[in-house]
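An overview of the molecular structure
Below, each chain spelled out in residue letters.
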Amino acid sequence: MKREEPSLKRYLNQVDLSADLVVAGGGLSGVCSAITAARQGVKVILVQDRPVLGGNSSSEVRLWILGATSHMGNNNRWAREGGVIDELLVENTYRNPEGNPMILDMILLDKVIQEPNIQLLLNTAIYEVSKKDNDIIESVEAFCSQNSTQYHLSAPLFCDATGDGIVGFLSGAAFRMGAEPREEFNEGMAPTEEYGELLGHSLYFYSKDTGKPVKFVPPSFALNDITEIPRFRNFNANEFGCKLWWVEFGGRLDTVHDTEKIKWELWKVVYGVWNHIKNSGDFPEAENLTLEWVGTIPGKRESRRFEGDYIMTQQDLVAQRKHDDAIAFGGWSIDLHPADGVYSERPGCNQWHSKGIFQIPYRTIYSKNIKNLFLAGRIISVSHVAFGATRVMATCGYIGQAAGMAAAMCVKNGFQPKDLLTAENLKNLQQNLIREGQYIPDFSLADENDLAQKAKLSASSEYQFKGFEQVDLWKSLAIPSAQMFPLKAGKLPVFTVQLHALADTKLEVELRISSKKGNFTPDDTLVQKNVALQKGKQIIEIDFDLALETDDYVYLMFAGNPDVEIGFTEQRLTGVLSVFNSKNKAVSNNGKQVPPAGTGVDEFEFWCPQRRPNGQNLAINISEGQSVFGVKNLLNGIDRPVSQPNAWAADLDDINPSVNLSWKTAQVIKKIDLWFDSDFDHPMESVLMTHPENVMPFCVRDYIIKNDNNEIIYEQKNNYQTRNQVIFEKEITTKNLTIELQHPSGNIPAALFAVRCYADSKNI
Ligand SMILES: Cc1cc2nc3c(=O)[nH]c(=O)nc-3n(C[C@H](O)[C@H](O)[C@H](O)COP(=O)(O)OP(=O)(O)OC[C@H]3O[C@@H](n4cnc5c(N)ncnc54)[C@H](O)[C@@H]3O)c2cc1C
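Attention in this report is confined to the structure presented alongside it. Here the residue numbers are simple positions, counted from 1 along each chain's written sequence. Side-chain atom pairs in this predicted model are given and counted only at pLDDT of 80 or more, local residue features only at pLDDT of at least 70, and totals for whole chains, interfaces and linings cover all residues. The side-chain numbers reported here are obtained from all heavy atoms of the structure, hydrogens and water having been left aside.

Looking now at the overall build of the protein chain. Helices and strands together make up the secondary structure of the protein chain, namely ten helices and 43 strands. The size measure is the radius of gyration over C-alpha atoms, and the globule rule it meets is 2.2 Å times the number of residues to the 0.38 power. Relative to its length of 764 residues, the protein chain is compact, with a C-alpha radius of gyration of 27 Å against a globular reference of 27 Å. C-alpha extents for the protein chain along the principal axes are approximately 90 × 70 × 55 Å. Evaluated residue by residue, the protein chain yields a buried proportion of 62% over its 764 residues. By definition in these notes, contact holds between two residues if any of their heavy atoms fall within 4.5 Å. Restricting to contacts in the protein chain with at least 6 residues of sequence separation, those with at least 24 account for 79%. Carbon and sulfur atoms form 47% of the exposed surface of the protein chain, whose accessible area is close to 29600 Å². Labels follow the DSSP assignment, with helices taken as runs of H or I lasting at least four residues and strands as runs of E lasting at least two, numbered in each case from the N terminus. Here the term buried applies to any residue with accessible area under 20% of the maximum for its type, exposed to any over 50%, and partly exposed to those in between, with areas from a 1.4 Å probe on protein chains only. Areas reported as accessible are Shrake-Rupley estimates using a 1.4 Å probe. Residue values count occlusion only from the protein chains shown.

The subject of this paragraph is the site of the ligand. Whether a residue is near a molecule or strand depends on its heavy atoms: if one lies within 4 Å, it is near. Ser29, Asp49, Trp64, Arg391 and Met393 are the nearest of the 33 residues found near the ligand. Any pair of nitrogen or oxygen atoms within 3.5 Å is treated as a polar contact; in protein, a donor-acceptor pairing is required on top of that, and neighbouring residues in sequence qualify only through side-chain atoms on both sides. At 2.9 Å from an oxygen atom of the ligand is found a side-chain nitrogen or oxygen belonging to glutamine 48. At 2.9 Å from an oxygen atom of the ligand is found a main-chain nitrogen or oxygen belonging to leucine 66. Burial of the ligand by the protein chains amounts to 91% of its free accessible area of 990 Å². Looking at the shell around the ligand, the elements with two or more residues in it are α1 (28-39), β5 (124-132) and α9 (393-413). Element by element, the count of residues in the shell around the ligand is highest for β5, at three residues. Three classes are used: nonpolar for Ala, Val, Leu, Ile, Met, Phe, Trp, Tyr, Cys and Pro, charged for Asp, Glu, Lys and Arg, and polar for all others, with Gly counted as polar. Among the residues forming the shell around the ligand, the class breakdown is 14 nonpolar, 13 polar and six charged.

On to the packing of α9 against helix α10 (residues 423-435), then. Two quantities define a packed helix pair, namely the angle between the helix axes and the distance between the axes. Axis definition: a line fitted to C-alpha atoms, limited for helices to the stretch in contact. Angles are taken between N-to-C directions and run from 0 to 180 degrees. Where α9 contacts α10, the axes come no closer than 10 Å and their chain directions differ by 125°. Between α9 and α10, the interaxial angle falls into the category oblique. Taken as a pair, α9 and α10 cross one another with a handedness that is right-handed. Facing Gln401, Ala402, Met405, Ala406 and Met409 of α9, the residues of α10 in contact are Asn425, Asn428, Leu429, Asn432 and Leu433. Its residues assigned to classes, the contact of α9 with α10 comprises six nonpolar, four polar and no charged. For classification purposes, angles smaller than 35 degrees are called roughly parallel, those larger than 145 roughly antiparallel, those between 65 and 115 roughly perpendicular, and all remaining angles oblique. Crossing handedness is read from the near helix: turned anticlockwise from the far helix by less than a right angle, it gives a left-handed crossing, and turned clockwise, a right-handed one.

Moving on, we come to the pattern of salt bridges. Here a salt bridge means any side-chain nitrogen of Lys or Arg lying within 4 Å of a carboxyl oxygen belonging to Asp or Glu. One pass over the structure, following the stated rule, counts 47 salt bridges. Residue arginine 176 pairs with glutamate 184 through a salt bridge whose shortest N-O separation is 2.9 Å. The class of arginine 176 is buried, set by a relative accessible area of 19%. Lysine 368 is the partner of glutamate 307 in a salt bridge, and the nearest nitrogen-oxygen pair spans 2.8 Å. Highlighted residues: glutamate 307 in the loop between β14 (305-306) and α7 (314-318) and lysine 368 in the loop between β18 (358-361) and β19 (373-375), separated in sequence by 61 residues. Glutamate 307 gets classed as buried once you look at its relative accessible area, which sits at 12%.

Here the focus is unusual backbone geometry. Residues arginine 612 and proline 613 are joined by a peptide bond in cis, for which omega reads 10°. Examined against the element boundaries, proline 613 turns out to sit in the loop between β34 (604-605) and β35 (617-618). A positive phi angle is found at asparagine 123, which is not glycine, with a value near 55°. Along the chain, asparagine 123 falls in the loop between β4 (118-121) and β5.

Turning our eyes to something else, we now look at α10. With 13 residues, α10 ought to run about 18 Å at 1.5 Å a step, and its terminal C-alpha atoms sit 18 Å apart, in line with that. Regarding α10, the residues found buried are Asn425, Leu426, Leu429, Gln430, Gln431, Asn432, Leu433, Ile434 and Arg435. Looking at the packing, one finds that the buried side of α10 touches β15 (326-330), α9, β38 (658-675), β41 (723-741) and β43 (754-758). Glycine 437, located one to two residues past α10, shows a positive phi value of around 105°. Expected span, for any helix, means 1.5 Å times one less than how many residues it has.

Another point: the packing of aromatic side chains. Centres within 6.5 Å make a pair out of two Phe, Tyr or Trp rings, where for Trp the six-membered ring is used; the pair is then stacked when the planes are under 30 degrees apart, edge-to-face when over 60, and tilted otherwise. The final tally for this structure, using the stated rule, is 25 aromatic pairs. Through a chain of ring-to-ring contacts, the aromatic side chains of Phe465, Phe468, Phe485, Phe495 and Phe544 assemble into a single cluster. Working rule: Lys NZ or Arg CZ, within 6 Å of ring centre, within 35 degrees of ring normal, means a charge sits over the ring. Cation over ring: lysine 475 sits above phenylalanine 568, and NZ or CZ is 4.9 Å from the ring centre.

Paired strands are those between which DSSP finds at least two bridges. The strand order across the open sheet built from five strands is β4-β3-β2-β8-β19, with neighbouring strands paired in parallel fashion. The open sheet has two free edges, formed respectively by β4 and β19, since each of these has just one partner strand. Neighbouring strand axes in the sheet, compared pairwise and without regard to direction, differ in orientation by 20° on average. By the bridge criterion, four bridges tie strand β2 (residues 21-24) to strand β3 (residues 44-47) in an arrangement that is parallel. Across the sheet, valine 22 pairs through a bridge with isoleucine 45, a residue of β3.

This paragraph deals with the pairing of strand β7 (residues 149-154). Alternating positions in β7 separate cleanly, Thr149, Tyr151 and Leu153 being buried on one face and Gln150, His152 and Ser154 remaining unburied on the opposite face. In this sheet, β7 lies alongside strand β1 (residues 13-18) in parallel orientation, the contact comprising six bridges. Following the sheet pairing, asparagine 13 is matched in β7 by threonine 149. Bridge count for strand β6 (residues 136-144) against β7 is six bridges, and the pairing is antiparallel. Across the sheet, cysteine 144 pairs through a bridge with threonine 149, a residue of β7. Where β6 hands over to β7, the hairpin turn is made up of four residues, of which serine 148 adopts a positive phi near 50°.

These values are about where atoms sit, not about what they do.
What follows is the structure, encoded as structure tokens:
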């Protein structure tokens, strides 16, 4: 038994901890930042005020993680973010294709606690900052209500990933809140005061069918007059979770200090909406539904944005400006909301896409005046308009990874964030990031430590791309449809297309490319043709008699014609897709983006793939085989399709596909890094939305690695991850490595983006 005499004052339990880096906030940006830094050998303290990780993606808020892929509803092909955020999304899709938010919590916790360099403090809120010399943070104070402990956390570097930027705010870092006037950055999308300057908070609910009638008695604080919500005419009793993004409020309040007030208003709306659905009599389909879950912590969209040495603006996104210090990319639309939220007569959001993904510069991810403070997540240095696009969670995670890697380089060299601004340090940062899977548009890896670069490389076969001729099904051409072809520069091949005309008709055919290399907006029409079709099945040959200036994707497009069916094949291939000019209202894709005058955004068509099990390729054959899957692609430093597939693929008839690396002299190898195709075009929404498959069909599942004695030195079965790091307990010495892979299925050849070999397993 413990007894204490009465006392005038008692003190909280006090714990002092120090590390190389304190990451404040365990949302996706904090998690990705902490894991990235920890894997580089940095001692990290990750402080999260909630009981689970994930921030807005956690089971406490339940937003689905999205990024540049935009639900597959824009023209950003193969644009899922790489590195740690990719690993998390692939893992979640594998373990949790049902999109259960509790499982995502579990996966995030699991990933973090597997990092020996991370000390995780859950339920611990940072509330105070101490500095030296005015511009250097020395320590932060945090309090855990669960163990009644006060933590004093000191480190040479801090990363603020708290959403509201508590560390930045308390340390005196320059920040902004509310929209910039249009003149400040000449942004056509800058909102008027009437539209509002801040995005509000939202609360979601989940409903569940119990199989028997359920009554609902609303709380006293539920909204009575549902007509106050203009959207009430369009309620859908079966919508829940992320589909309720429009239950938004607070854009005219202080979205930091009024958060509790905003939460009460949102509860009022949620229970009022549910009362209306259950008790108005207008929704008989809701008879058996019960409220399974209501959010208790509002999802916060916008509050403070901190200033770095550069502020990204609308033009960075729309013109896809290039930056020498690019460290990440974004690709969500500029997505602004009326500040009156659920009470506004306006559409709940105003989304305008860019023609492709855009770079995010390093100068936006550290404070301009606090010397040792990194910024990650939604608080980075962007204008209100640019924030509309950078704020989505996969982008936030990507930014977090860059901050984590930059912090690791600072720790290693005794630097502060701005010391990385030299050309050499920036190059190293970019190279270190790309090596870990962070695709940065217009940059590639040139790794002198990679022994594979010095090897003689060969493969048992190379897939010669000839299009597809096997017809497995016929589908209507009512929707404008296109097939993407990765082609080599030079004369275009002749295209052979299998068609079924239901009547004599004419078919409009076009050949397009993207006007900007690396984009997937087919906005440059090279040639148009009208093809006369007679009723019945037929094979037509189209010779455009044109030459392609550089290796690129071309789009063979067919205008919509309900009188025609076209042959599709079940064969799929890394870096090859069919796309359709259809609509995706969830991301404001109406087939064509036609912006109002003066907004400064582009007009263009959307051509997007369909989700599996649809999305088959069109059965179109080409006259000349294209050598676009050569083994050399394994060493080109780009690990996803961009303007070419950038992958080696084996011939499907090759019964034992393999890649061989040989050196003149024996090499000492500690680590082999393999990069597989986990379908970067798939958004892998983390919750609510279910996925028909938990392993991507292009991903090699089984492979073995052999040494120069033909001994198996590594075997992998049932792989589903993008990156496989093979780290040998003891270095191997060999003049030869053979990687034997199994085709993932009879319809899809084995493919690989990269193989890298290292003499040690240390990173930077
Ligand atoms: C309703 C809504 C819908 C949205 N829709 C989508 C969508 O569909 N897809 C998408 O990707 N994005 C969406 N967004 C945007 C996205 O959720 C946010 O921009 C993103 O979560 C920001 O990431 P973050 O890591 O900066 O912050 P957060 O995800 O908010 O994470 C910050 C973390 O820091 C913690 N923290 C805060 N203060 C402290 C403190 N003092 N001490 C310790 N920890 C602290 C918080 O608890 C939180 O866990 C939406 C946002 C909202 C609100």
